[in-house]
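# Secondary and tertiary structure notes
Listed here are the chains, written in short residue letters.
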Amino acid sequence: MSHAQNETRGPPERQAAAGVLSGPLAFTRCDLDAPLAQLWKQLEARAFLPTQTLDFTRSLAHTLLSDAVMEVFATTDHGGALLPLCRAPSLLAPWRLVGAREVFEPNDALCSGPASAHALAEQLIRNRRALWLDRVPALSPLIPAMKDAMKGQGLLIIRPAVACPTLPLDDSWSEPENHFSSRRRSDFRRAARKAAEFGEVTFEVLSPSPDTFDALFDEAIGVEVRSWKKQAGTAIATDEAKEAFFRDYFRSASAAGQLRIAFLRIDGKPAATQMALEWSDRYWVFKIGYDESYSKASPGTLLMLHTIGWAARNRLTAYELLGGAEPWIANFWTKEQHDTLQLRCFPYSASGVHSLLTFAMNTARQRLSRAWG
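Let me begin by describing the structure that accompanies this report. Since the model is a prediction, treat every value here as computed from it, not as a measurement.

Conventions and cut-offs
Residues numbered from 1 in each chain as written. Predicted model: local features only at pLDDT ≥ 70, side-chain atom pairs only at ≥ 80, totals over all residues. Heavy atoms only, no water. Buried < 20%, exposed > 50% of the residue type's maximum accessible area, 1.4 Å probe, protein only. Helix = DSSP H or I, 4+ residues; strand = E, 2+ residues; numbered from the N terminus. Pairing = 2+ DSSP bridges. Arc of directions from axis to C-beta. Contact = heavy atoms within 4.5 Å. Polar contact = N/O pair within 3.5 Å; in protein donor to acceptor, adjacent residues only side chain to side chain. Phe/Tyr/Trp six-rings, centres within 6.5 Å; stacked < 30°, edge-to-face > 60°. Lys NZ or Arg CZ within 6 Å of the ring centre and 35° of its normal. Axes fitted to C-alpha atoms, helices over the stretch in contact; angles between N-to-C directions. Parallel < 35°, antiparallel > 145°, perpendicular 65-115°, else oblique. Left-handed = near helix turned anticlockwise from the far one by under 90°. Core = buried A, V, L, I, M, F, W, Y, C linked by side-chain atoms within 4.5 Å. Nonpolar A, V, L, I, M, F, W, Y, C, P; charged D, E, K, R; others polar.

## Notes on the pairing of strand β2 (residues 69-75)
Among the seven residues of β2, seven are classified as buried, and the element is accordingly described as predominantly covered. Burial along β2 is two-sided: the residues V69, E71, F73 and T75 and M70, V72 and A74 are all buried. Sheet analysis places β2 next to strand β3 (residues 81-87), joined by seven bridges and oriented antiparallel. Bridged to F73 within β3 is L83. Between β2 and the antiparallel strand that follows it, β3, lie five residues; H78 among them carries a positive phi value of about 55°.

Below, the structure is given as structure tokens:
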């Protein structure tokens, strides 16, 4: 596993001789033998999201966040807790959650329990810098801990954020078509017939090894480029830093045996793809794409139907869509979701006041924009 390469401009690591961690720690020192990395790996057993892992933060650190200040707030009190944060190098810039802006993924602190979450929250408040957390799971123990820690220390604003769709699975989902209306089943059959008109249709759910990873990853991002995502600028291959992040992160997942790259092929040519992780007994979809030249056959829909059945047959407990709860998902696949929250923490400090004024101005600007259409 590669180490983070960004320079951290924050306070130096505070580490007692006994190996006790406390305070903001320079992320560059988080190597495999460091107490911080050991604590991180220990706490990953309590993680709900794959974005809470050390591999996810490491990959961000030397790609999309290579120019950011990155530190990990950590404590070993009450079993331990930690939260990786980043910020701009400016004097008053707020801390923010890693990955929220860069790849729009939910994330959370790693906590062994409520008591460690409170110890972590108190440490964050003592830092006196504003804190912006986006897409934190609504059930996170950090949220009540932050409410308690902020009493008399500043202003905490909590708002709903974009939820994550989820589809709980059981054995009945081995044949996923049976869970949909007769109209939907008819749509699936029609799409399958149209796909067959293009050529022979095959499905693959692959578990790349480090040796086969790059070729399969390149094939998958090539499908994205042949879709609407290229014009929208959201295809991985259109952003060098984003491609570098996903290549590094998925390569580490392939080494751990967690990466799944799925294809719907027509006459051997990929018409749709998914890049996902099989992690914590769930199938986590990170990226999807399809070739628009096959759009009449709805290849993305057919591939999703196939991978839902594949996940159920492999006894996974849920099919997780990390993107936002969009209408096409709620109307077609699932209305169930994991709610998330946005936290804005403004302590009584120069950073807190500066960030609060920025937040108020941005909120007013958005309201005016909506009012004037």
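## So, helix α4 (residues 142-149)
Within the span of α4, buried status applies to L142, I143, A145, M146 and A149. Here the buried residues of α4 occupy an arc of 160° about the axis, which is enough to place them on one side. Where the residues of α4 are buried, they touch β3, α3 (114-126), β6 (131-137), β7 (154-168) and β13 (337-347).

## Regarding the environment of T273
By the secondary structure assignment, T273 is in strand β10 (residues 269-279). With 70 residues separating them along the chain, T273 and F203 place their C-alpha atoms 9.8 Å apart. Only 3.0 Å separates the side chain of T273 from the backbone oxygen of A262, close enough to count as a polar contact.

## Remarks on the packing of aromatic side chains
Geometry of an aromatic ring pair is reported as the spacing of the ring centres plus the angle between the planes. In the structure shown here, the tally under the stated rule is 25 aromatic pairs. Seen in terms of ring centroids, F198 and Y294 are 5.1 Å apart; in terms of plane orientation they differ by 80°. Their pairing is edge-to-face. In this pair, F198 sits in helix α5 (residues 182-198) while Y294 sits in the loop between β11 (282-290) and α9 (299-313), placing the two residues 96 residues apart along the sequence. Among the residues examined, Y294 registers a relative accessible area of 11% and is labelled buried. On the basis of an interplanar angle of 70° and a centroid distance of 5.7 Å, the ring pair of Y249 and F286 is categorised as edge-to-face. Taken together, the residues Y249 in helix α8 (residues 240-255) and F286 in strand β11 connect sequence positions 37 residues apart. The same class applies to Y249 and to F286, which are both buried. Members of the aromatic cluster, joined through ring pairs, are F56, F213, F217, F245, F246, Y249, F250 and F286. Cation over ring: R135 sits above F104, and NZ or CZ is 4.5 Å from the ring centre. For the cation-ring pair, R265 lies above F263, with the distance from its terminal atom to the ring centre recorded as 4.5 Å.

## Examining the packing of α3 against α4
Contact pair α3 / α4: the axes reach a minimum separation of 8 Å and the direction vectors enclose 50°. Viewed along their axes, α3 and α4 adopt a mutual orientation that is oblique. In this structure, the crossing between α3 and α4 has a hand that is right-handed. Where α3 abuts α4, its residues A117, H118, L120, A121, E122, L124 and I125 lie against L142, P144, A145, M146, D148 and A149.

## Digging into the environment of P176
Tracing the backbone shows P176 in the loop between β7 and α5. In this structure, the C-alpha to C-alpha distance between P176 and G309, residues 133 residues apart in sequence, is 5.6 Å.

## Looking at the nonpolar core
L82, F217, F246, F250, M275, L277 and F286 are the most contacted members of the largest nonpolar core, which totals 41 residues. Core analysis: the next-biggest nonpolar cluster, separate from the first, contains 32 residues, A195, A262, A276 and Y283 among them.

## Description of the packing of helix α2 (residues 54-61) against α8
Between α2 and α8, the least distance of the axes is 9 Å, while the angle of their chain directions is 150°. The angle between α2 and α8 places the two elements in the roughly antiparallel class. Judged by the sense of rotation from one axis to the other, the crossing of α2 with α8 is right-handed. Facing D55, F56, S59 and L60 of α2, the residues of α8 in contact are F245, D248, Y249 and S252. Here the contact of α2 with α8 is built from residues that sort into four nonpolar, two polar and two charged.

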